[in-house]
Amino acid sequence: MRKFPSIVLMFFLISSTMVCAAGFDITVDESKLNNGLTVLIAPDSTAVTVSVFTFVNAGSRDEDRAGVTGLAHVFEHMMFRGTEKYPVFSDAVSPLGAETNAWTTNDYTAYFLNAESRFLDKMLDIESDRIRNLIFTNETFRTELGPVKEERRRGVVDDPEGFLSVELERLAYTIHTYHHPVIGWEEDLEQNMTSDDGLQFKNRHYVPNNCVLVISGNVAVDEARKAVEKYYGDWKPGEAYTSLVLPEPKQTEERVKNFTWKDDETSPLMRIAFHIPSANQDFESLAAMNLINEVLFSNSGRLTRQLQNDLTLVESISGDGEMRKDPSLEIISARLRKGASLAEVRDSVYSELRRISTTVISDEELDRARNNLRARMIYGLNSPSRIASSLGVNRVITGNYRALMQLFELYASVSPEKIRILASEVFIPTNRTVVTLVPKSGI
Amino acid sequence: MINNKLTNASLRPGNWQRRSGLAMTSVILCLVVGFCIIACGPVADDQIVVLKKPGLPVIYYRVMINAGSALDPVERPGLAYFTAKLLDKGTRNLSSAEIERRLNQIGADITISVDKEVVVITGRTLSENAGEFYSIFREILTEPSFPEDEVRKGAARQIDEIGRIREDDALLSQTVFENAVFEGHRYGHAVQGTVEAVRNFNRRDVVEFYHANYVRGNVLAGIGGDVDDSLVERFKNDLGSLPAGRVLRSDVEPSLPKTPKVILVEKENRTQSHLRVGHVLEDNRTSPQYYPMRLLGCYLGQHREMFGRLFKTVRAERGLAYGAYAYIEHFRPLGWSKLMDNGIVRNDQYFQMWTYPKEANFEFCIKLMLEEMTKLTTTPLTAEEIDRTKDYVANNFAFLMETPDRQLGMRLDEKWYKLPEFVDKFKHNINRVPRSELQTVALDNLHPQSVLIVAVVSNGEQAKRELLSLDTKLELPSGSEEGELKSINDKIKGLDLKLLPEDIVIVKASELFK
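Residues numbered from 1 in each chain as written. Chains lettered and ligands numbered in written order. Predicted model: local features only at pLDDT ≥ 70, side-chain atom pairs only at ≥ 80, totals over all residues.

1. Comments concerning the overall build of chain B
Stated precisely, the cut-off is as follows: Runs of E in the DSSP output that reach at least two residues are strands. Runs of H or I that reach at least four are helices, and both are numbered from the N terminus. Using C-alpha atoms as the atom set, the radius of gyration is obtained and then compared with a globule rule of 2.2 Å times the number of residues to the power 0.38. Working definition of a contact: two residues with C-beta atoms, positioned from the backbone, lying within 7 Å.
Across its full length, chain B carries 18 helices and eleven strands. Its C-alpha atoms give chain B a radius of gyration of 24 Å, near enough to 24 Å, the size a compact globule of 514 residues would have. Structurally, chain B occupies a C-alpha span of about 70 × 50 × 50 Å along its principal axes. Sequence-distant contacts in chain B: of pairs separated by 6 or more residues, those separated by 24 or more amount to 84%.

Okay, here's the thing in structure tokens:
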């Protein structure tokens with residue numbers, strides 16, 4: 001296998017990103033304020049910008065009461081409204097030339113503000129203010145539900161790919177809150193949700209002891225620490241919340257559902273999902289599953305070559321095992337060429353999954369997968385924003401930002417046999433959920 | 001207004017089909033010249049950008065070739081795209097599979113994108129694999145072989161891509177808008193072409209197009225990141241091995257209609273209507289009016305930012321759509337970023353507003369956007385509004401230059417437009433725009449009475465009736481109150497789009513791009 005020694009050296013020379021022999025490292029100053037706020041600071045004197053990420057350890061997974069699906073995401077929208085000090089958030093940040101946005105996942109909600117590093121103090125002022133002092137009325141809450149519903153129309157109701165992804169998780173999870181989509185069910189957005197729900201969600205989850213603040217870029221650690229203490233130090237901690245999320249029982253039989261789309265402009269679609277361990281339970285398995293996906297679905301991967309390049313049965317095919325707090329799904333997504341047989345594609349996928357479960361991957365294929373994954377991790381660290389995002393996601397999902405570096409190392413060390421065993425445990429029919437979608441007039 | 005467009009074109013009057021004949025003559029001439037004068041030595045210094053930058057151990061390549069869809073032969077729309085997408089599907093020494101396998105082996109990647117004017121080939125590799133990567137990259141650029149079986153597969157892939165335009169309403173509305181706003185112009189067809197044309201492409205078409213257009217004078221190139229001098233020299237020399245020549249072509253000037261025109265794209269069972277409203281612009285980035293126009297576009301609707309007027313009126317105040325934006329140049333986002341991608345360089349540009357409300361609100365949103373556009377021409381912005389917009393545009397520029405690959409992209413775009421100080425003086429030029437100039441520039445460039453409106457709707461006839469009737473519907477999100485906006489909403493509803501039945505065309509999505 002090709003080694004990465006020069007990466008190590010280069011990192012050491014250019015910034016605070018450094019090494020150990022087996023991988024790479026990023027200098028991170030981790031601390032915790034008295035109120036429980038976790039703070040990660042990753043300085044890089046070569047950058048011209050600074051990135052401030054706020055991770056709230058709550059996503060749609062934490063919508064654990066009836067009638068409030070989509071609330072974490074709706075609340076994310078509300079965070080861009082305003083406070084007494086900064087009544088219009090966008091007017092406060094736009095003079096900085098800042099990039100700002102947010103996203104909500106099943107497990108967490110992330111907000112970011114990126115700007116030239118000279119604006120760090122102002123950025124922390126604005127970010128700390130909105131997370132603590134956000135004001136909204138029932139009227140603004142209901143108005144904001146409008147864009148959320150339009151986002152849902154665009155991403156789910158009128159989008160066959162989005163629709164099928166929602167239906168897949170609805171079928172794969174029965175009692176765990178991963179059953180419902182981040183965007184929420186229509187009836188909850190339309191009828192059930194109130195501004196009181198929003199307020200309750202905020203008071204429960206938007207507290208310092210449930211948040212991680214990440215600062216990356218051209219900052220001095222001591223100064224950044226002082227600024228964080230200044231703006232977040234007197235934020236009052238919240239009470240510990242006991243989650244009502246129920247563990248998903250082991251799946252015991254295959255689940256299949258077929259859909260017909262509402263027009264003829266889509267291609268046939270297929271999603272095949274398998275339950276996989278959570279990142280917290282088995283981090284090595286996450287690395288192994290990512291390697292499997294490379295072997296099968298990279299540009300030169302087995303199934304890409306066979307189904308997309310040689311047989312031209314699919315327009316695209318991919319595999320993804322998302323890193324989540326609780327047991328996640330490995331999802332294989334195929335977009336078929338019009339006229340191609342769903343059964344033929346499905347059987348080819350199953351055949352390859354059987355092969356990877358019974359025969360260890362060759363050294364050449366595995367080296368290729370390892371190199372590709374590790375290179376992509378390096379490419380992904382090319383800006384303060386990307387570094388802050390990577391550190392924060394790993395911190396909130398696994399509890400340790402170093403999971404990022406561990407994953408890099410694991411890509412090199414996971415054994416072919418470990419990969420085969422994982423495949424043989426995961427890719428079994430009773431652990432499988434399949435959804436398909438065909439155009440209105442059929443294939 | 002100063003028209004300082006970069007063009008290789010003759011500007012004599014005449015229809016564009018005749019001009020394309022002239023262009024083809026030029027192409028053939030260049031082809032002949034290209035074969036006669038095989039290059040020796042490196043490419044000219046003014047065609048290459050080198051940005052050595054300490055940082056990650058990564059090398060970035062970027063090659064920009066004037067071989068975009070504007071050079072498609074009239075009877076072969078989509079050929080430029082087709083040719084470009086086959087570059088990495090086989091070379092003199094490597095098969096498509098071998099290229100993929102070797103790139104994956106070293107964790108490197110190559111992407112090819114195609115727009116109206118240019119094809120952009122980018123490459124990225126860890127510097128420890130510099131030599132191995134470069135040997136592949138060089139072959140793709142200078143020695144593609146266009147194998148017969150890959151030509152066949154490429155046609156199937158491109159036809160699939162045309163299908164995806166019909167599937168995605170945002171892309172559908174955008175493509176219909178561009179085709180119509182540039183009707184009769186070389187930009188007036190989708191870069192992917194039509195199904196019929198693509199089905200008939202053969203290897204000979206591709207080889208001819210490649211030899212005619214992938215010539216030295218058509219190329220700008222950049223290399224950046226963790227590079228050394230020997231690699232730079234090799235890169236320059238290899239680019240110099242492309243045949244000599246430069247392709248000239250001619251265009252008609254796109255023109256503004258005197259009255260609004262509406263295209264209703266009928267697609268069954270929509271719940272949301274993608275709306276595109278705008279018109280061609282006389283100028284592009286090379287005009288001094290670019291800077292005030294940039295400020296106006298940002299103020300009206302910076303892409304995916306919340307401070308734009310459209311965003312505030314459509315979304316924040318009324319909750320009618322997820323987004324509402326405005327553009328003064330063709331815009332393609334860089335992945336998930338809000339920033340504009342590089343390599344979208346165009347001689348001819350358009351102004352456009354975009355939103356996607358619930359279908360019931362499509363007419364109201366058209367009127368609301370037109371009202372905001374009109375206000376720019378009738379009501380001066382306040383000093384505070386102008387200063388805040390200037391601060392945003394100037395300070396946000398750091399992100400356009402944040403990474404080595406973006407810097408390469410910006411520098412090559414600058415070269416393409418022949419604006420050598422665009423990057424270095426951008427902030428200065430933004431800050432020196434006089435406040436008093438904005439309204440004048442808006443009056444010169446924005447023409448609400450001459451817009452093209454494209455709307456994706458479930459039922460074209462019904463939508464047409466609604467546009468022609470005196471009633472305009474408005475459905476606010478359930479539970480929200482109209483409050484003090486009622487009088488403004490009533491005014492918006494009462495605006496007259498001045499449409500006649502013959503101004504409205506209905507097309508079926510399923511029949512497009514065939």
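There is more to say after this.
2. Thoughts on the domain arrangement of chain A
Residues and elements named next belong to chain A. Which entries qualify depends on this criterion: By convention here, the domain bounds are inherited from an automatic or database domain assignment. Under this grouping Gly is polar, as are all residues other than the nonpolar Ala, Val, Leu, Ile, Met, Phe, Trp, Tyr, Cys and Pro and the charged Asp, Glu, Lys and Arg.
As far as domains go, chain A holds domain 1 (33-232) and domain 2 (255-438). Placing a centre on the C-alpha atoms of domain 1 and another on those of domain 2 gives a separation of 28 Å. Across the boundary between the two partners, domain 1 contributes 32 residues, which contact 27 residues of domain 2. Among the secondary structure elements, those contributing two or more residues to the side of domain 1 that touches domain 2 are β4 (38-43), β5 (49-56), β7 (109-116), α6 (160-172) and β8 (211-217). Residues belonging to the side of domain 1 that touches domain 2 are distributed by class as follows: 18 nonpolar, nine polar and five charged.

3. A closer look at the domain arrangement of chain B
Much of the literature gives interface size as the accessible area that the parts lose upon coming together. Residues and elements named next belong to chain B. Assigned domains of chain B: these are domain 1 (16-239) and domain 2 (261-387 + 434-511). Just the C-alpha atoms count here: the centres of domain 1 and domain 2 sit 33 Å apart. Contact residues are listed per partner, giving 19 residues for domain 1 and 20 residues for domain 2. Sort the elements by how many residues they give to the side of domain 1 that touches domain 2 and helix α6 (residues 169-181) lands first, with nine residues. A class-by-class count of the residues in the side of domain 1 that touches domain 2 yields ten nonpolar, four polar and five charged.

4. Description of helix α8 (residues 195-205) of chain A
Residue and element names in this part refer to chain A. For the record, the criterion: Exposure classes come from backbone-placed C-beta atoms, where a residue is buried if 20 or more other C-beta atoms lie within 10 Å of its own, exposed if 12 or fewer do, and partly exposed in between. This arc is built from the directions going out from the helix axis to the C-beta atoms.
Of the positions making up α8, those classed as buried are Gly198, Phe201 and His205. All buried residues of α8 fall inside an arc of 65° around its axis, so they share one side. Turned more than 90 degrees away from the buried face of α8, the exposed residues are Asp196 and Asn203. On its buried face, α8 is in contact with β5, α2 (71-78) and α5 (138-157).

5. Side note on the nonpolar core
The cut-off we apply is this: Remark: nonpolar core denotes a set of buried Ala, Val, Leu, Ile, Met, Phe, Trp, Tyr and Cys residues whose joining runs through C-beta atoms within 7 Å.
Leu291 of chain A together with Cys365 and Ala455 of chain B are the most contacted members of the largest nonpolar core, which totals 276 residues. If we ignore the near neighbours within four places in the chain, the residues touching Cys365 of chain B are Leu275, Val314, Leu320, Ala321, Thr355 and Pro357 of chain B.

6. So, the pairing of strand β6 (residues 99-104) of chain A
All names here are of chain A. Quick reminder of the rule: Only strands that DSSP links by at least two bridges are regarded as paired with each other.
By the bridge criterion, six bridges tie β6 to β7 in an arrangement that is antiparallel. In the sheet register, Asn101 faces β7, and the bridge partner there is Phe112. Hairpin connection, β6 to β7: the antiparallel pair is bridged by four residues.

7. Here we look at helix α11 (residues 309-316) of chain B
In an α-helix, one turn spans 3.6 residues, which is why side chains three or four residues apart end up on the same side. α11 of chain B sits mainly inside the fold: seven of its eight residues count as buried. Three or more residues of α11 of chain B are buried, namely Arg309, Leu310, Phe311, Thr313, Val314, Arg315 and Ala316 of chain B. Against α5 of chain A together with α10 (290-301), β8 (321-327), β9 (349-357) and α12 (362-378) of chain B lie the buried residues of α11 of chain B.

8. Here's the deal with unusual backbone geometry
Residue and element names in this part refer to chain B. If you check the backbone angles, Asn269 has positive phi at about 60° while not being a glycine. Structurally, Asn269 can be placed in the loop between β6 (261-266) and β7 (275-281). For Asn269, a count of 12 C-beta atoms within 10 Å translates into the label exposed. The phi dihedral of Lys498 is positive, around 55°, even though this residue is not glycine. Here Lys498 lies in the loop between α18 (486-493) and β11 (504-508). For Lys498, a count of 9 C-beta atoms within 10 Å translates into the label exposed.

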